Structures are given as C-alpha cells and as structure tokens.
Amino acid sequence: AQSVTQPDIHITVSEGASLELRCNYSYGATPYLFWYVQSPGQGLQLLLKYFSGDTLVQGIKGFEAEFKRSQSSFNLRKPSVHWSDAAEYFCAVGSLEYGNKLVFGAGTILRVKS
Amino acid sequence: DAGITQSPRHKVTETGTPVTLRCHQTENHRYMYWYRQDPGHGLRLIHYSYGVKDTDKGEVSDGYSVSRSKTEDFLLTLESATSSQTSVYFCAISEGTANYGYTFGSGTRLTVV
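Residues numbered from 1 in each chain as written. Chains lettered and ligands numbered in written order. Predicted model: local features only at pLDDT ≥ 70, side-chain atom pairs only at ≥ 80, totals over all residues. Heavy atoms only, no water.

Trainee: Go over the overall build of chain A with me, naming the residues and quoting the values.
Mentor: The secondary structure content of chain A amounts to zero helices and twelve strands. Along chain A, helices (α) and strands (β) appear in the sequence β-β-β-β-β-β-β-β-β-β-β-β when read from the amino end. Taken against the 2.2 N^0.38 rule, which gives 13 Å for 114 residues, the C-alpha radius of gyration of chain A at 14 Å falls within 12% of a compact globule. Taken along its principal axes, the extent of the C-alpha atoms in chain A is 45 × 30 × 20 Å. (Helix = DSSP H or I, 4+ residues; strand = E, 2+ residues; numbered from the N terminus. Rg over C-alpha atoms; globule rule 2.2 N^0.38 Å.)

This is the structure:
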C-alpha cells in the first residue's frame, strides 16, 4: 500500500528566509507526486506535481520540488518565503497500480515570522 | 473552486441522526472522491466513484455510504452520525488517471453533538 510521511508537523521560518518541507513516500512502482496548499478555512489548491521527466518541477507561487527516487523523497522548496505563504501543506502520492486515488500525508503547518 | 461546490458548508447534527452531504461538479469529470480531514491524519479517503453508479470504498468507509446517480452529483451519507464523525469533509474531482491530480471543493465542517 502507498504511504506518505511528512516528518514535520510545524515549521516556523522568518519572512524572506528559504523553506524546505519534507515528504517521503513508500511505494514500489512509479509514483505520481503532488504538493497541495490549504489556507485556513479553505479547500486544497494544487501547487505542483510530478509524474515523469525532469525531476525538478516548478509550481505556482514560486515553489519548486525535487523528486529523488533513491531517497523516496519529494521535498518542497521556496527560496524566499512571504507572509502569505503561511498555510498547511500536504504531500500526496498516487499511481496507476493503486487506482486513481491519492494518499495524503498528515500535513505540515507553516508559520512565517515577520 | 468554481467547478465544484459542496453543501452545506457547515452543519451541526445530533448523534444518531442521518446526514447527507452533497458534492456538485460542473466539469463533467469521471472521478469523484470524498475525504475527511482530521488533525494529525491529513486527508483520508472515505469513498470514491469512477462513474455513474460505480463506487468503491476507501480506507475509512465504515459508517458511510455514497451514491452517484448523475455525473455531476456525489452524495455522502452518514446513516447514523456519531461523534467520531465530527470532521471536515472534502469532495474532490479528477478528469482522469492518477497523474491528473484532484480539484477540491471548499469543504463541509460537520459537528456531531
């Protein structure tokens, strides 16, 4: 079965600092990987996704993520965080072998200090 | 998201009563999903549908049923609500295979007292 681990429940960074949110997945075949962001009281918005090709993917809002098969990781990065980035971030994994269903991590809450 | 709406947005109900949550989409997507979101658990799949009248269970389906009689509507029913079903429920849609990802609704906050 697929599983996703986001090791950090909370992360606090200063505005303007760089950010990296970790995501590790457990799956045997080729995964499809996603990062979603959820602002308070809102639904989830897709930031970026990877399913093939270049392992460094660019997303919206200046975010990027790198797929590392050897480490089973798909970490999200941003070079300079803005106060508006404060939200909860979810990593998700899917695959054709597991049907058209995504498995989500428990989420990482990002706080931004001014 | 304009293509997917959930109703109601908030509901308080009593233990033992039936509750139905509605998800409506205007995108004509084949796949629809119901997830629940709880702190520390992220989103967990309750049920999903891969077409009209075609549904299947997710990892936390006990106590829930679903129906999909039209492409655009996916209903989630709690037959007899319990306090453990207090949660935020999200509907999601997908136009195709897993690599497409999902579009989410805004969620329904359900409180069972």
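Trainee: Could you give an account of the overall build of chain B, naming the residues involved and the relevant values?
Mentor: Scanning chain B from N- to C-terminus turns up zero helices and eleven strands. Secondary structure elements in chain B, listed N-terminal to C-terminal, are β-β-β-β-β-β-β-β-β-β-β. What you see for chain B is a C-alpha radius of gyration of 13 Å, in line with the 13 Å of a compact globule of 113 residues. When the backbone C-alpha atoms are referred to their principal axes, chain B occupies close to 35 × 30 × 25 Å.

Trainee: Account for the pattern of salt bridges, with residues named and values stated.
Mentor: One pass over the full model with this rule turns up eight salt bridges over all chains. The shortest N-O distance in the salt bridge between A:Asp8 and A:Arg22 comes to 3.0 Å. You can see A:Asp8 sitting in the loop between strand S1 (3–5) and strand S2 (10–14) and its partner A:Arg22 sitting in the loop between strand S3 (19–21) and strand S4 (24–26), a full 14 residues away along the chain. Among the ionic pairs, B:Lys70 bridges to B:Asp73, the shortest N-O distance being 3.3 Å. On the accessibility criterion, B:Asp73 (8% relative accessible area) is buried. In the salt-bridge network here, residues are joined through shared partners; they are A:Glu64, A:Glu66 and A:Arg77. (Salt bridge = Lys/Arg side-chain N within 4 Å of Asp/Glu carboxyl O. Buried < 20%, exposed > 50% of the residue type's maximum accessible area, 1.4 Å probe, protein only.)

Trainee: Can you explain the pairing of strand S6 (residues 54–57) of chain B? Please cite residues and give values.
Mentor: All names here are of chain B. Pairing analysis gives four bridges linking strand S5 (residues 42–51) to S6, with the strands arranged antiparallel. Bridge assignment links Ser-49 to a residue of S6, and that residue is Thr-55. Between S5 and S6, which follow one another and run antiparallel, lie two residues, and Lys-53 among them has a positive phi close to 65°. (Pairing = 2+ DSSP bridges.)

Trainee: Give me the packing of aromatic side chains: which residues, what numbers.
Mentor: Counted by the stated rule, this structure contains 19 aromatic pairs over all chains. Between the aromatic rings of A:Phe104 and B:Tyr35, the centroid separation amounts to 5.4 Å while the plane-to-plane angle is 85°, which identifies the pairing as edge-to-face. Of this pair, A:Phe104 sits in strand S11 (residues 103–104) while B:Tyr35 sits in strand S4 (residues 31–38), on two different chains. Taking 6.4 Å as the distance between ring centres and 45° as the angle between the ring planes, the aromatic pair formed by A:Phe104 and B:Tyr102 counts as tilted. With A:Phe104 in strand S11 and B:Tyr102 in the loop between strand S9 (87–94) and strand S10 (103–104), the pair connects residues from two separate chains. B:Tyr102 matches A:Phe104 in its accessibility class, with the two residues each being buried. (Phe/Tyr/Trp six-rings, centres within 6.5 Å; stacked < 30°, edge-to-face > 60°.)

Trainee: Explain the environment of A:Val57 to me, using residue names and the numbers behind them.
Mentor: All names here are of chain A. Along the chain, Val-57 turns up in strand S7 (residues 56–58). In the structure, Val-57 is positioned 54 residues away from Ser-3 in sequence and 21 Å away in space, judged by C-alpha atoms. Setting aside anything within four residues of it in sequence, one finds Val-57 in contact with Leu-48, Lys-49, Tyr-50, Phe-63, Glu-64, Ala-65 and Phe-74. (Contact = heavy atoms within 4.5 Å.)

Trainee: An account of the nonpolar core is needed here, citing residue identities and associated values.
Mentor: Ranked by internal contacts, the top residues of the largest apolar core, which has 26 residues, are A:Leu19, A:Trp35, A:Leu47, A:Leu48, A:Phe74, A:Leu76 and A:Tyr89. Looking at this core, the elements with two or more residues in it are S2, S3, strand S5 (32–38), strand S6 (44–50), strand S8 (64–68), strand S9 (73–78) and strand S10 (87–94) of chain A. Among residues more than four places away in sequence, those in contact with A:Leu47 are A:Trp35, A:Tyr36, A:Val37, A:Gly59, A:Ile60, A:Lys61, A:Phe63, A:Leu76 and A:Tyr89. Of all hydrophobic cores here, the second largest spans 20 residues; its members include A:Leu102, B:Tyr31, B:Tyr33 and B:Phe104. (Core = buried A, V, L, I, M, F, W, Y, C linked by side-chain atoms within 4.5 Å.)

Trainee: Account for the interface of chain A and chain B, with residues named and values stated.
Mentor: Between chain A and chain B, the contact holds 22 residues from the first and 22 residues from the second. Buried surface at the junction of chain A and chain B, both sides included, amounts to about 1700 Å², of which 58% is carbon and sulfur. It is A:Asn100, A:Lys101 and A:Phe104 that lose the most area in chain A upon contact with chain B, and together they represent 34% of the buried surface on that side. One can count four residue pairs in polar contact (both at pLDDT 80 or more) joining chain A with chain B. Counting only elements with at least two residues in the side of chain A that touches chain B, the list comes to S5, S6 and S10 of chain A. Examining the composition of the side of chain A that touches chain B, we find that four residues originate from one element, S5(A), more than from any other. (Buried area = accessible area lost by both parts, 1.4 Å probe. Polar contact = N/O pair within 3.5 Å; in protein donor to acceptor, adjacent residues only side chain to side chain.)

Keep in mind these numbers describe shape, not what the thing actually does.
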